[in-house]
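Residues per chain are reported as follows:
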Protein chains: 2
Amino acid sequence: MTLYVNLAELLSARIEQGLYRPGDRLPSVRALSVEHGVSLSTVQQAYRLLEDNGLAAPRPKSGYFVPTDRSLPALPAVSRPAQRPVEISQWEQVIELIRSVPSKDVVQLGRGMPDVDSPTLKPLLRSLAQLSRRQDMPGLYYDTISGTLALREQIARLMLDSGCSLGPADLVVTTGCHEALSTSIRAVCQPGDIVAVDSPSFHGAMQTLKGLGMKALEIPTDPLTGISLEALELALEQWPIKLIQITPSCNNPLGYIMPEARKKALLTLAQRFDVAILEDDVYGDLAYTYPRPRTIKSFDEDGRVLLCSSFSKTLAPGLRIGWVAPGRYLERVLHMKYISTGCTATQPQLAIADFIEAGHYQPHLRRMRSQYQRSRDQMSDWVTRYFPPGTRASRPQGGFMLWIELPESFDTLRLNRALLGQGVQIAVGSIFSASGKYRNCLRMNFAARPTAEIEAAVRKVGETAIRLLAEAASDG
Amino acid sequence: MTLYVNLAELLSARIEQGLYRPGDRLPSVRALSVEHGVSLSTVQQAYRLLEDNGLAAPRPKSGYFVPTDRSLPALPAVSRPAQRPVEISQWEQVIELIRSVPSKDVVQLGRGMPDVDSPTLKPLLRSLAQLSRRQDMPGLYYDTISGTLALREQIARLMLDSGCSLGPADLVVTTGCHEALSTSIRAVCQPGDIVAVDSPSFHGAMQTLKGLGMKALEIPTDPLTGISLEALELALEQWPIKLIQITPSCNNPLGYIMPEARKKALLTLAQRFDVAILEDDVYGDLAYTYPRPRTIKSFDEDGRVLLCSSFSKTLAPGLRIGWVAPGRYLERVLHMKYISTGCTATQPQLAIADFIEAGHYQPHLRRMRSQYQRSRDQMSDWVTRYFPPGTRASRPQGGFMLWIELPESFDTLRLNRALLGQGVQIAVGSIFSASGKYRNCLRMNFAARPTAEIEAAVRKVGETAIRLLAEAASDG
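For chain A, the name recorded in an unreviewed UniProt entry is Aminotransferase class I/II-fold pyridoxal phosphate-dependent enzyme, with Pseudomonas alkylphenolica as its organism. Quoted verbatim from the Sequence similarities (unreviewed entry) heading of the UniProt record, the comment on chain A is "In the C-terminal section; belongs to the class-I pyridoxal-phosphate-dependent aminotransferase family."

Shown next as structure tokens:
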């Protein structure tokens, strides 16, 4: 089922290794079909995946070439986390990141903040202001436990784009995606349970597992196609895993979109071992390709997928409006939501419902998607230009996060400390691992429109890294 | 230390039993001092407590009399819950209550909704609207984990009124009091732990214990003076209690204010057995007397009290802004808050900070306090007039909830079902007990200004109760 993915991985490895260089013609579809004993359409699918990832460009009637327009940093290798359940650490690093107060003096490349400066958000602010002037003051009343019906109706409509046919009754509005994640995890797991996660993985989800007393089992993950199904299958055979928690569409921090066939295969695996899946789709609507990728939830027939999302990345995080489609865990999620916040604030729910109903959501998304894609290209160029030779970087297919891998001995905690004095903040790699791996990695936000100030900040990151590497070399 | 409380209880029992009737002169201070071998000031303190509870009225130079202006229903007896730790039930009844959507066709006497119709709230709505029009759009950004500094500064100032000298760094803003409660409980307890609670007790706190896998140990509670310290001491000797969770000021559902001496004694007990106290103060600012009662937290010297509160009862619940002063549990509460909602919505925090800073909070409180006190008297009169003979009722000293006790065999679940068809909803008593006690009790909200419509609704409750009692008698 994943023949084309294997072929794409093989070709991308050859490109990374320099076997094919920028401008080179890649093997023809026919030649590859013969060489690997696969069908023509499989080769074509593989090329489309490479194209999506910026590794191949078609030229009419001439086949595929390695793009010349920019030389991209090589991709990070497939991750190799410790393959046993671990207690989660790294809270100290996480709180250092989230405690930082936004300031004009610091360029914050570390946090998961979208660009909220777009004029396409204006109607949302207008709605919020109007709601405060309404005679019936809806914003002052308790909402119902499931969330405002008007918003759940709009979310159900949006979810059709990812292949999900759900009704408002299948949804629970939450206070941001954080509440969606924590209520979902508590709905499925007990303290001590083992949860399989992609790796690197969103630090918020990891700290939730920690706070609830669960153990994380990090699974090797490919920076183009996501969690390794082979490694996951082995883990499911070996450990009593209760839940698989992943971000398959526009992954945070790696930016990949797991191919549809692999999403289906993952679901089949979960069915075979009878485990639940927590699918974090918070960046899913920000895929650069249209239509947006399907969710695993859209293939779910027995309600084992809990889909968690929010408007924090697509609209604005300060509103704290998320949701969960909890499948068979609905009643339990409701209880967990009740004890977590009682209900979610009413006014932002109504404002977002207005915004979507009036047709403002899709134009806003279109604008943000193309802005983020352009910013990604710009950020990748800067990394190529300013970072140490040998730096590897992800090739995001959506969202606004870049994952960067420096030489193995490098320590980004030291880098971050050196940068804070220079007015730049990054997210250190170790918070994306349960056991503090990825110390040589960092995540940078490219949501804002590129400016000279941001370029200067990225340059500082790169040059500081070069300096620290040189110091380490002279020490050694 | 609680001599005056004992004396007040004795006198109130004599009044309840009809030994002194409305208009009767009560024994003189000197006579009681001799009779009970206590100081004059102890008797005076006892009379002040009776006065606060509407059981005694001073006449200049003539001593104390039983008030004649209205005949109050008798007080409920001291509760007698099962004195062993139990798994908590009643979720089905709770969700029935909180799922109910506000509707013009139903008079909702069941929910903990304040009156948000007061003109004194207008500046808050203006603030919310203005924030949406600000160029820098603060409402769209992530807040820091502890909450907006401007709001924490204002909360710290407000808390001086309850005797607490804390700084902004001692406070964590939460998404409603629910999040304050659940983060606090999780900061102190592990699943399986035993938590001592007053009884009857707020259903939200009880369901939080249930959802987090803790057991509740209900302690007998006096409807005038709160949790029985004697019973609590016995329980602390007998069981490995981790946390005492109470609502000592303007208790929900009973409305009492625990006398200051008893608050201090409770803290001493907690110190002796080295357990933490979760003090729910969400109705504390709505005490009818001014200055408002001191909190247990205000006497706390070793950081063992976690004070939880919110603006849901004083301003409006739809804003979902609460806070916790977690004492020595600060770091752990921060982690629990991070995994619960990440951070709290920014805009309502800023709006409330504006509202308090501009001096609107205290005038609003004054207005609400006196409105609620008048509504309490009206509601008590209606209960006397329309409810079955022998009905007992609490005598709230703050807040806007009345607790009503019907004959022991009565079932308020049946009453609620009969009422829903008539457009009235109440909160059934069983949700205020871990084990479903208080089936013969109900809680009614008197926040709204009394109207003919509300009188008709209360009358329906009373008459339906009379009808059900008559049916039961004829069945038997």
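Time to look at the relation of the copies chain A and chain B. Mapping chain A onto chain B calls for a screw motion: a turn of 180° about the axis and a shift of 0.0 Å along it, with 0.2 Å RMSD after fitting. Considering both components of the superposition, the chain copies are consistent with a two-fold axis. Minimal C-alpha distance to the rotation axis in chain A is attained by Ala129(A), lying at 2.0 Å.

Moving on, we get to the environment of Arg111(A). Residue and element names in this part refer to chain A. The topology assignment puts Arg111 in the loop between β3 (107–108) and α5 (122–133). Overall, the relative accessible area of 13% leaves Arg111 in the buried class. With 130 residues separating them in the primary sequence, Arg111 and Ile241 have C-alpha atoms 30 Å apart.

Right, let's talk about the interface of chain A and chain B for a bit. Contacts between the two partners involve 60 residues from chain A and, on the opposite side, 60 residues from chain B. A buried area of about 5,300 Å², summed over both sides, lies between chain A and chain B, and 64% of it is on carbon and sulfur atoms. When the buried surface of chain A facing chain B is broken down by residue, Leu140(A), Tyr142(A) and Tyr338(A) rank first, second and third, together holding 17% of it. Between chain A and chain B we count zero salt bridges in total. For the interface between chain A and chain B, the tally reads 20 residue pairs in polar contact (both at pLDDT 80 or more). Where the side of chain A that touches chain B is concerned, the elements lending two or more residues are α4 (91–99), α5, α7 (176–188), α8 (203–211), α11 (330–341) and α12 (346–357) of chain A. In the side of chain A that touches chain B, the residues fall into 27 nonpolar, 22 polar and 11 charged.

Another point: the packing of helix α9 (residues 229–238) of chain A against helix α10 (residues 260–272) of chain A. How two helices pack is summed up by the angle between their axes together with the distance between the axes. Residue and element names in this part refer to chain A. One way to put it is that α9 packs onto α10 with a least axis distance of 11 Å and a crossing angle of 5°. When the axes of α9 and α10 are compared, the pair comes out roughly parallel. Counting all contacts with α9, which are made through Leu229, Glu230, Leu232, Glu233, Leu236 and Glu237, the residues of α10 involved are Arg262, Ala265, Leu266, Leu269 and Arg272. Considering only residue class, the contact of α9 with α10 consists of six nonpolar, no polar and five charged.

Attention now moves to the sheet that holds strand β16 (residues 427–428) of chain A. Residues and elements named next belong to chain A. Taken in spatial order, the four strands of this open sheet run β13-β14-β17-β16, and their pairing is antiparallel. Among the strands making up the open sheet, the edge pair consists of β13 (392–393) and β16. As judged from the two bridges shared by β16 and strand β17 (residues 441–445), these two strands associate in the antiparallel manner. Counted as the bridge partner of Ala427 is Arg443 from β17.

Read from one edge to the other, the open sheet built from four strands follows the order β13-β14-β17-β16 (chain B), with strand pairing classed as antiparallel. Edge positions in the open sheet fall to β13 (392–393) and β16 (427–428) of chain B, since each of these has one partner strand only.

Here the focus is the nonpolar core. Phe311(A), Met444(A), Phe311(B) and Met444(B) are the most contacted members of the largest nonpolar core, which has 240 residues in total. Sequence-distant contacts of Met444(B), that is, excluding residues within four places in its chain, are made with Leu109(B), Met379(B), Val383(B), Phe387(B), Phe400(B), Met401(B), Leu402(B), Ile404(B), Ile426(B), Val458(B) and Val461(B).

Further remarks concern the side chain of Ser79(B). Residue and element names in this part refer to chain B. With respect to the secondary-structure elements, Ser79 resides in the loop between β2 (63–65) and α4 (91–99). Of note is the side chain of Ser79, whose polar atom sits 2.7 Å from the backbone oxygen of Ser199. A polar contact of 2.9 Å, which involves the side chain of Ser79, links it to the backbone nitrogen of Thr221. Not counting the four nearest positions on each side in its chain, Ser79 is found in contact with Ser199, Pro200, Ile219, Pro220, Thr221 and Tyr438.

Quick look at the pattern of salt bridges now. If you walk through the whole model with that rule in mind, you get 38 salt bridges over all chains. The salt bridge involving Glu471(A) is made with Arg414(A); its shortest N-O contact spans 4.0 Å. Of the two residues, Glu471(A) is situated in helix α15 (residues 452–475) and Arg414(A) in helix α14 (residues 412–420); the sequence distance between them amounts to 57 residues. Here Arg414(A) falls in the partly exposed class, since its relative accessible area comes to 42%. Between Asp302(B) and Arg304(B) there is a salt bridge; the shortest N-O distance is 2.9 Å. With a relative accessible area of 5%, Arg304(B) lands in the buried category. Within this structure, Asp274(A), Asp302(A), Arg304(A) and Arg328(A) form a network of salt bridges that share partners.

Residues and elements named next belong to chain A. Each domain of chain A was delimited in the assignment, giving domain 1 (3–65), domain 2 (91–115 + 363–475) and domain 3 (135–360). With centres defined by C-alpha atoms, the gap from domain 2 to domain 3 works out at 26 Å. Facing the 31 residues of domain 2 at the interface are 30 residues of domain 3. When the area that domain 2 buries against domain 3 is broken down by residue, the three leading residues are Arg369, Gln397 and Phe432, summing to 22%. Taken together, domain 2 and domain 3 are joined by zero salt bridges. For the pair domain 2 and domain 3, the number of links is 13 residue pairs in polar contact (both at pLDDT 80 or more).

The next point concerns the packing of helix α7 (residues 176–188) of chain B against helix α11 (residues 330–341) of chain B. Residues and elements named next belong to chain B. It is at 8 Å that the axes of α7 and α11 come closest, and there the two elements cross at 125°. One finds that α7 runs oblique with respect to α11. The hand of the α7/α11 crossing is right-handed. Seen from α7, the contacting residues are Glu179, Thr183, Ser184, Arg186 and Ala187; seen from α11, they are Arg332, Val333, Met336, Lys337, Ile339, Ser340 and Thr341. Residue classes in the contact of α7 with α11 are distributed as four nonpolar, four polar and four charged.

Cut-offs and rules
- Numbering of residues starts from 1 in each chain and follows the order in which that chain's sequence is written.
- Here the convention is simple: chains get letters from A, ligands get numbers from 1, in the order in which they are written.
- In keeping with the predicted nature of the model, local features appear solely for residues at pLDDT of at least 70, side-chain atom pairs appear and are counted solely at 80 or more, and the whole-chain, interface and lining totals rest on all residues.
- To get the side-chain values, all heavy atoms of the structure are used, and hydrogens and water are removed first.
- UniProt positions are given in the numbering used here, feature names are shortened, and annotations may be inferred rather than shown by experiment.
- Alignment of copies: least-squares fit on C-alpha atoms of residues with pLDDT of at least 70 in both copies.
- Helix and strand definitions follow DSSP, with helices as H or I runs of at least four residues and strands as E runs of at least two, each counted in order from the N terminus.
- When a residue's accessible area, from a 1.4 Å probe over protein chains only, is under 20% of the maximum for its type it is buried; when over 50% it is exposed; and in between it is partly exposed.
- Here a residue-residue contact requires only that any non-hydrogen atoms of the pair lie within 4.5 Å.
- Computed with a 1.4 Å rolling probe, the buried area is the accessible surface lost when two parts are put together, summed over both parts.
- For salt bridges, the criterion is a side-chain nitrogen of Lys or Arg within 4 Å of an Asp or Glu carboxyl oxygen.
- For the purposes of these results, a polar contact is taken to be a pair of N or O atoms within 3.5 Å, where, inside protein, one atom must be able to donate a hydrogen and its partner to accept one; residues adjacent in sequence count only when each atom of the pair is a side-chain atom.
- Amino acid classes used here: Ala, Val, Leu, Ile, Met, Phe, Trp, Tyr, Cys and Pro are nonpolar; Asp, Glu, Lys and Arg are charged; the rest, including Gly, are polar.
- Only the stretch in contact is used when a helix axis is fitted, and all axes are lines through C-alpha atoms; the angle between N-to-C directions ranges over 0 to 180 degrees.
- Note on terminology: angles under 35 degrees are roughly parallel, angles over 145 are roughly antiparallel, angles of 65 to 115 are roughly perpendicular, and the others are oblique.
- Pairing between strands is defined by DSSP: at least two bridges between the two strands are required.
- Throughout, nonpolar core names a set of buried Ala, Val, Leu, Ile, Met, Phe, Trp, Tyr and Cys residues whose side chains join them through atoms within 4.5 Å.
- Domains are outlined according to an automatic or database domain assignment.
- Less than a right angle of anticlockwise turn of the near helix away from the far helix marks a crossing as left-handed, whereas a clockwise turn marks it as right-handed.

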